Each structure stands twice: as C-alpha cells, then as structure tokens.
Amino acid sequence: MTINDILSIYNKVNEKLYTGSVSEAFFLIRKIIKEINDWNMSMEIDEYSSTYLQMLSHSIATKEFTRNEESRQIYNRLVFNLFMLVQKAKETFLLRQSNLIEYEGQRLMINNPNMFLNDIIPSFEQIHTVLRQQYAAADQATDENDGDINYWNTVTSTYQKTMSPLFAFVLLKSDMSSADLEQVKAIITDSTIALDARCIAVSALTMNVLRAFDLQKTNVLLSLVDSNENAIRQRVLVGIVLIISKYGYIIEYDEHLRNRITFICQNSELVSEIQSIVFQIVRTTETSKISKQINEEIMPEIMKMSPIIQDKLKNIDFDEDSEKIKPSIENMFDGIDFSDKIHDFTELQMSGSDVFAGTFAQMKGFPFFAFIENWILPFDSRNPYVRRLSNKKESIGKAISSNPLLCNSDKFSFSLNLLQMPDKQLDTVEFAIKEEREQLDEMIKDTDKNHNYTPQKIEANHYILDLYRFYSYFPRHTEIDNPLSRILNLCDSKIFEAMFPTPAERRKIGDAYFFYDHYLQAIDVYNRDIEAAGDSDIDYELYRNLAYSYQKVGRYQEAIDYYIVAEGLDKNSTWYLRRLAFCYRQIGDIPKAIDCYNEILEVAKDDFGVMFRLAVCYMEISQYDSALSVLYKISYLKPDYRNIRSVLVSCLFYCGKLEQANELATRHIEESAELEMKDLITAGHIALCLKMQDIAIERYQKAIAKAKDLKGFIDVFSADNNLLLHNGVDSNEVQLIIEKILIDKFR
C-alpha cells in the first residue's frame, strides 16, 4: 500500500466509527494492521472485536435495542479505543515510510538520540536545569560588547542551542511517558525560566497533539488554561481550539475529557476569550485573498509613488535638527496623488485584517527562520536578537515591541532587516518612527476603539498570525497539515455545544462564519440555535442570516422559507422581496418572482434594476407585451441603461415584431462599438427571418469573431432554432449558413 492508500483507509475508518458503522471499521483497521505486520495491534483488534461481538449478542438476546447509560459508556470507550488504534497503526506506517518533515525528525530522534543535543544541552533530562541557568544569565547580561558582532553571534548561538533541543524533544517525542509530561509541564509552569522558552514548549506540545491525538498531552494543556501569565494562557487556549477543531469527533467519545471541557467552559470569561480566538482563526481564512488584493491592486499604486518620494528624500539632510527637517517631511507629499487604493489599505488595516502577511512573507529568508521554533517565538525583550536591536537603537526596539499591529514573527523579520542596514539608513528609520509616533498611536487607538483590543486579544491574535505565517511560508509548509483551516470543522462534533453552552455564545461563532462567507458552517450553527430555542422568540437577524446562507449555497427553497419568516419579524420588506424574487427565479417560480418585483416597484417606482429584472421575468413566461411595456419605459426614462437595447431587441424578436426588432438592432450595431456575441447572433436571426440572408451572414461572421470557443457560438446560435423555423426559415438553410460561417472562420 502507498501512503495515500493508508490515509484514505484511515479517513474512512474515522467516518465509519463516527457514523456507527463499527463492523466496517473493524474490517478496514485490520487492513492497515496487516500492512504494518504488528502482532500487538493484531491482538488488540481481536480483543476489541470480541468485546463488540459480546455487546451485540447481549443486546439481541435481551432485546435492548436502545443503549442504556452503562452500555453507552462501554460502547463509547470501545469506539474511542478504535480511534486510537487506527491512528497508532497509521502513525506506525508513516514513521516507516513517510519523508514528511515531522516523521523524518522522529526517525532521527529514534535512530540517534543525540541528534538534537549539543554542548549546552547534553541530555534531555538536563533541559529544565539549563533553561533556569540561561534565564538567570540573560537577566544579568549587560551586553557591554554590544558593538562586537562576534559577541552577538555567540549569544544568539547559545540561545538557539537552548531552544532547539527543547522544541525538538516536545514536538517529536510521540510516546511520552508520565515522567516526560511532568517535565514538560514543570518547564511551562516554572517562572524562573524565560517566558519565550515556556511558550515554545506549549506550542511544541500543541503541534505534537495536532500530529497525532493524545489524551494525556491534551489533559496537560487543559490543566494550563488557568495560567496567570497571559502569553501562556492564550497559547494554550489557541491550541485547545485547534485540537478540538481537528479531533472533536474523537474527544466526544472520551467521557472524562468531554466532562473536563464542559466544566472549564462554565467560566463565561474563558468562553469569551475562546470566542475571540475562534473569530480570529476564522479570519485567517481570508488572508490569502487579502494578500492577493494588496499585491495586485494596492502595492502597484504605492510603487508608482516610490520614485517621486525617493527623489524628494535626496533633498533632505537628516543630519539637521529634527524641527528643521519636519516641515520638509510634511511638504514632501505635496503634489503626490495618493489614490483610493492607499485608502483601501488603511481601511483593511483598521478592520483588523492581516494586511502584512504578504509583505513580510518576503522577509522570511533569514537563517533565523530556518528553525521552526523561531516562527512562533514571542518577541521578548530578553531575546538576544531583540536585545541587539534595542542596544543599537533603543527607540526603534521599543517602537517595534509595543506595536500591537505586528505579530511576533513580523517583528523579528523587521528587526533582522533593520540590523542589516547601515547606521545612516537606520538613523533615517529612527527619525521616521519618532516623527510618525503620534500618528501611529492615534491609529492604534482608533483600531482599539473599533475592536476592543484587550491584552488577551492582542496576545492570541499575534500567536495566531505567527502560526499562519509558519503554516503558509515555512519552506516545507506543504508537508505539515495546516490546523488553522480545520476551524471550519469546529462545529461538526458535539464538543461544540460543550465549548459554547448557551445559544448566545454559539450565535457569535455562527456570525463569525457568516461574516467571512463560510455559509455551510453558519447554517449548521444557526440551525442548532433555532432547535435549542424551541418556542422561544428568535430575532429576525438570525432567520435573515440563515436564509442568506441557504441562498449562497444554492438551497433556494430553504432560503425562501426563512426569508418569509424573517420578513414577518422585520419591517424592511423591500430587502427581503429582492432576495425572494431572486430565489423564486432560481427555482423556476417566475410568477412569484414577478409578484415580488411588482411589490418593490410600489415603493421604489424608479428602480430601473427591478424594472429590468421584471421585464426579463415576463419574457421567461412568454408575456412579451408586458415585458415590452416595461422595457419601453426603461428605454424612455433611462436610454443608457445597461443592456436595455439588447433585451428589447430580443423581446421584439420573440414576440414576432421583426421589422421593429431589425430597425432597433441595426441602430444598435451602428451606434455600439462593442457588441456581445449573443446580440450579433440575435440580430443575424432577425435578418434571416426577414429574408435578408447576406446581412444575416455578415452579422453571424461578426459574432463568431467574438466567440471564445466554437461550442459557445453554436450553443447560442442553436438556442433559437425553433423561432427561426416558426418564422419560415428552412432548417437546411440554417445548416448551410452555419457551415459557410465555420468554413470562412477556419479557412
């Protein structure tokens, strides 16, 4: 079997177990175990098989076809064990066969335990002690040789030699003993160890569980949710959200873990923090789209300004007093036309969008980012890279550290870039930061006002953005499953209700999915809220959002049902009528769509868009006189309305008013430089019906010149064949004309 075969079977087993098809799951699990030829796992699956057979036999014999509490617990434990067994079998196969980075690392650790050790950390057992010593040494460091590059090379090398073994041990060790886990927990909770080292341990443990679910490791993370240190607490909460998103379907079968999560989420403040984390993770699903928009639309506009700004900078002497330079800086932008694209960038930033991902992606090539742990490292003042910049330019170091808009990874990218600059260029940056500090503070204050950025939100958001950069831009990121994308699975299991026990709490998650266009997830959450509410009152917004979500996923009848409910609760009938009309058209109920459009026009009499769609509806049910009445009205009141002539020509053609249709089509062709292929084909059909064969062929030739492909042309040409025949055109004539046009086209 190949790796893909094993992963396919593994996914099928999980699906079968979760949907209750346990016997089929047994069969599939045995296939993987046979492939890896593991005797212990074979014995284990036989034992579980016997247990399940006894359960079934007992239920049949006693006619207990519905599980009582005791049998349900036994069944859940069995299913949980099967989840764990098939995962263990899959991981065993991958450890032997996979070249993915995490499995390569595991094999290296197994085959050569000293691979990740060094002169600073000679054994994994000594990590805790060395971390304490390093923290004490960093606390006392004076960095007197701050100008000596060799000094900083030694300091950063020592730092990396400490962090890398810690991260590797916690990330790669799958079979952690209780003693191992106690050591990891002791490191995380030890305040005499640097915060960045403890944060890295949390992240490594989280990534370990994300690779393969483990009950004990997850319980260690859950035991840390009450940490008094915000950085630790937020990393743990983010990790738990990601783990539940990926493994919720497994967790719900372990009673102890499920109860523990339920108990923890009785704390409304903690649930509020989790809600914020979910919202921020969901927001990462739009980051690639935003980065594309910035790179393709906004950055080209900014680049146009760059030569002008560079030219003006040459005339400014940065050695002068700052008060003398300030007017020159302020006047520098006079006459530069900053377009709306620059404003768009600011708007995206103020809305909380991740506008820097694409920009800083270009700055991840430093050797610093060759180490996985450095992608998710807190930007801590004791970090030697941070100390080096602060010692060189303290104001710059402080400005970067205190900026809530930049995540840790981007702060390191920026700092490493600055450290490579010549001193004079660095002076320019320092001056610019000082001068723009007030404006930056104002922008941060406005952003805070819009989004209520608490320290908890800022810390969690920075970590989530760090993870996004790692899973998107790390050179071997395609080898690692991106857990952030799994946030769309959060509501798939019953653990979702345990995390968010009240409808109001779940509603906020549904709204987050809805806001970022994840309509299937929004539908799931909103329906749960409606079901939980029963006969209680529900505000119209929920029904409205649910209806719109159904509309966006193409389930139009359900959208109609909920739009009608929402309209009964809300007073904004025009908004609903527009969407109801659209949905009615999609399911083919044109008369009801017409009723909706007519109701809208009673309120908005001059809405040409509604008039136009109403006319099209009349045409769809062959009420051409009614359609013409509306179309002539639009043509009279707004002759430049988009496509009005095209549709009017078609309508006249369909109702047999060929002379009028040809007159209008001729005028349309003469006055419009760019006609669509369909308009020219319709004009050709009209001419053919009037026995003007040469004019018809000329129009068809113009039409095929605009065709994207031959099939598209023939499909549009043939759509009105019945009308041609009805108006006396011989079918053989039609076929011969098509042949002539095609020969001319491809001659």
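Note that the structure is predicted; figures quoted are calculated from it, not measured.

Looking at the overall build of the protein chain
Here's step 1: Within the protein chain, the secondary structure is distributed over 39 helices and zero strands.
Here's step 2: Scored against the burial criterion, the 747 residues of the protein chain give a buried share of 49%.
Here's step 3: A fraction of 68% describes how many contacts in the protein chain between residues 6 or more apart in sequence connect residues 24 or more apart.
Here's step 4: With an accessible surface of roughly 36800 Å², the protein chain has 50% of that area assigned to carbon and sulfur atoms.

Considering the side chain of Thr682
Here's step 1: One can find Thr682 in helix H35 (residues 677–689).
Here's step 2: Looking at Thr682, the relative accessible area reads 5%, which means it is buried.
Here's step 3: Once residues within four sequence positions are removed from consideration, Thr682 is found in contact with Val649, Ser650 and Phe653.

Concerning the pattern of salt bridges
Here's step 1: As enumerated under the stated definition, the model contains 38 salt bridges in all.
Here's step 2: Note that Lys16 and Glu24 form a salt bridge whose closest N and O atoms lie 3.2 Å from each other.

With respect to unusual backbone geometry
Here's step 1: A positive phi angle, near 70 degrees, is found at Asn643, a position not held by glycine.
Here's step 2: Note that Asn643 resides in the loop between helix H32 (624–637) and helix H33 (644–654).
Here's step 3: Using a relative accessible area of 31% as the deciding quantity, one classes Asn643 as partly exposed.
Here's step 4: The phi dihedral of Lys691 falls on the positive side, at around 65 degrees, and the residue is not glycine.

Concerning the environment of Tyr159
Here's step 1: Position of Tyr159 among the secondary structure elements: in helix H7 (residues 149–172).
Here's step 2: In this structure Tyr159 comes out as buried when scored by relative accessible area, which is 13%.
Here's step 3: The spatial distance from the C-alpha of Tyr159 to the C-alpha of Tyr385 is 9.7 Å, given a sequence separation of 226 residues.
Here's step 4: In this view, Tyr159 contacts Asp196, Leu377, Asn383 and Pro384; residues no more than four positions away in its chain are not counted.
Here's step 5: A polar contact is formed between the side chain of Tyr159 and the side chain of Asn383, at a distance of 3.0 Å.

Quick notes on the packing of aromatic side chains
Here's step 1: A complete count under the given rule lists 37 aromatic pairs for this structure.
Here's step 2: Aromatic pair Phe83 and Tyr253: ring centres 5.8 Å apart, planes at 55 degrees, arrangement tilted. One end of the pair, Phe83, is in helix H4 (residues 69–97); the other, Tyr253, is in the loop between helix H11 (230–251) and helix H12 (255–264), with 170 residues separating them in the sequence. Note on accessibility: Phe83 and Tyr253 belong to one class, buried.
Here's step 3: Centre to centre, the rings of Tyr700 and Phe717 are 4.7 Å apart; their planes meet at 55 degrees, and the pair counts as tilted. On the criterion of sequence distance, the pair formed by Tyr700 in helix H36 (residues 693–706) and Phe717 in helix H37 (residues 710–719) is long-range, its members being 17 residues apart.
Here's step 4: Taking the relative accessible area as the measure of exposure, Tyr700 reaches 0% and is therefore buried.
Here's step 5: Since its relative accessible area comes to 1%, Phe717 is described here as buried.
Here's step 6: An aromatic cluster of at least three residues, connected via ring pairs, comprises Phe368, Phe369, Trp375, Phe379, Tyr385, Phe412, Phe470, Tyr471 and Phe474.
Here's step 7: The ring of Trp575 carries the charged tip of Arg544 above its face, separated from the ring centre by 5.7 Å.
Here's step 8: When the ring centre of Trp575 is taken as origin, the NZ or CZ atom of Arg579, which lies over that ring, is 3.9 Å away.

Considering the nonpolar core
Inside soluble globular proteins, nonpolar side chains tend to come together where they are buried.
Here's step 1: Counting 224 residues, the largest nonpolar core has Phe213, Ile261 and Met499 as the members making the most contacts within it.
Here's step 2: If one sorts the elements of this core by residue count, H11 sits on top with 14 residues.
Here's step 3: Sequence-distant contacts of Met499, that is, excluding residues within four places in its chain, are made with Val241, Ile244, Ile261, Cys265, Val271, Ile274 and Leu490.
Here's step 4: Counting residues in each nonpolar core, the second largest holds eight residues, with Ile290, Phe356, Phe360 and Met363 among its members.

Some points on helix H1 (residues 3–18)
Here's step 1: The terminal C-alpha atoms of H1 lie 23 Å apart, and with 16 residues this matches the ideal 22 Å at 1.5 Å per residue to within 8%.
Here's step 2: Along H1, the positions that sit buried rather than exposed are Ile6, Ile9, Tyr10, Val13, Asn14 and Leu17. Along H1, the residues classed as buried sweep out an arc of 140 degrees about the axis, all on the same side. Within H1, the exposed residues directed more than 90 degrees away from the buried face are Asn4 and Glu15.
Here's step 3: Where the residues of H1 are buried, they touch helix H2 (22–36), H4 and H11.

Topic: the environment of Ser203
Here's step 1: For Ser203, the position within the fold is in helix H9 (residues 195–211).
Here's step 2: The exposure class of Ser203 is buried, given its relative accessible area of 0%.
Here's step 3: Counting along the chain gives 173 residues from Ser203 to Ile376, while the straight-line C-alpha distance between them is 7.7 Å.
Here's step 4: In this structure the side chain of Ser203 is engaged in a polar contact, spanning 2.8 Å, whose partner is the side chain of Arg235.

With respect to the packing of H7 against helix H19 (residues 384–392)
Here's step 1: The interhelical angle for the contact between H7 and H19, taken along N-to-C directions, is 155 degrees, at an axis separation of 9 Å. Our classification of the angle between H7 and H19 gives roughly antiparallel. Residues Ile149, Tyr151, Trp152, Val155, Thr156, Tyr159 and Gln160 of H7 lie in contact with H19, whose contacting residues are Pro384, Tyr385, Arg387, Arg388 and Asn391.

Considerations on the environment of Gln551
Here's step 1: Tracing the backbone shows Gln551 in helix H27 (residues 540–552).
Here's step 2: Since its relative accessible area comes to 12%, Gln551 is described here as buried.

Concerning the side chain of Ser472
Here's step 1: Relative to the elements of secondary structure, Ser472 occurs in helix H23 (residues 455–473).
Here's step 2: For Ser472, a relative accessible area of 18% puts it in the buried group.

Focus: the packing of H27 against helix H29 (residues 573–586)
Here's step 1: Where H27 contacts H29, the axes come no closer than 11 Å and their chain directions differ by 25 degrees. In terms of orientation, H27 lies roughly parallel with respect to H29. For the pair H27 and H29, the sense of crossing is left-handed. Here Tyr540, Arg544, Tyr548 and Gln551 of H27 come into contact with H29, specifically with Trp575, Tyr576, Arg579, Phe582 and Cys583.
Here's step 2: Residues that form the contact of H27 with H29 fall into these classes: six nonpolar, one polar and two charged.

So, how was this worked out
- Residues numbered from 1 in each chain as written.
- Predicted model: local features only at pLDDT ≥ 70, side-chain atom pairs only at ≥ 80, totals over all residues.
- Heavy atoms only, no water.
- Helix = DSSP H or I, 4+ residues; strand = E, 2+ residues; numbered from the N terminus.
- Buried < 20%, exposed > 50% of the residue type's maximum accessible area, 1.4 Å probe, protein only.
- Contact = heavy atoms within 4.5 Å.
- Areas by Shrake-Rupley, 256 points an atom, 1.4 Å probe, with all protein chains shown as cover.
- Salt bridge = Lys/Arg side-chain N within 4 Å of Asp/Glu carboxyl O.
- Polar contact = N/O pair within 3.5 Å; in protein donor to acceptor, adjacent residues only side chain to side chain.
- Phe/Tyr/Trp six-rings, centres within 6.5 Å; stacked < 30°, edge-to-face > 60°.
- Lys NZ or Arg CZ within 6 Å of the ring centre and 35° of its normal.
- Core = buried A, V, L, I, M, F, W, Y, C linked by side-chain atoms within 4.5 Å.
- Expected span 1.5 Å × (residues − 1).
- Arc of directions from axis to C-beta.
- Axes fitted to C-alpha atoms, helices over the stretch in contact; angles between N-to-C directions.
- Parallel < 35°, antiparallel > 145°, perpendicular 65-115°, else oblique.
- Left-handed = near helix turned anticlockwise from the far one by under 90°.
- Nonpolar A, V, L, I, M, F, W, Y, C, P; charged D, E, K, R; others polar.

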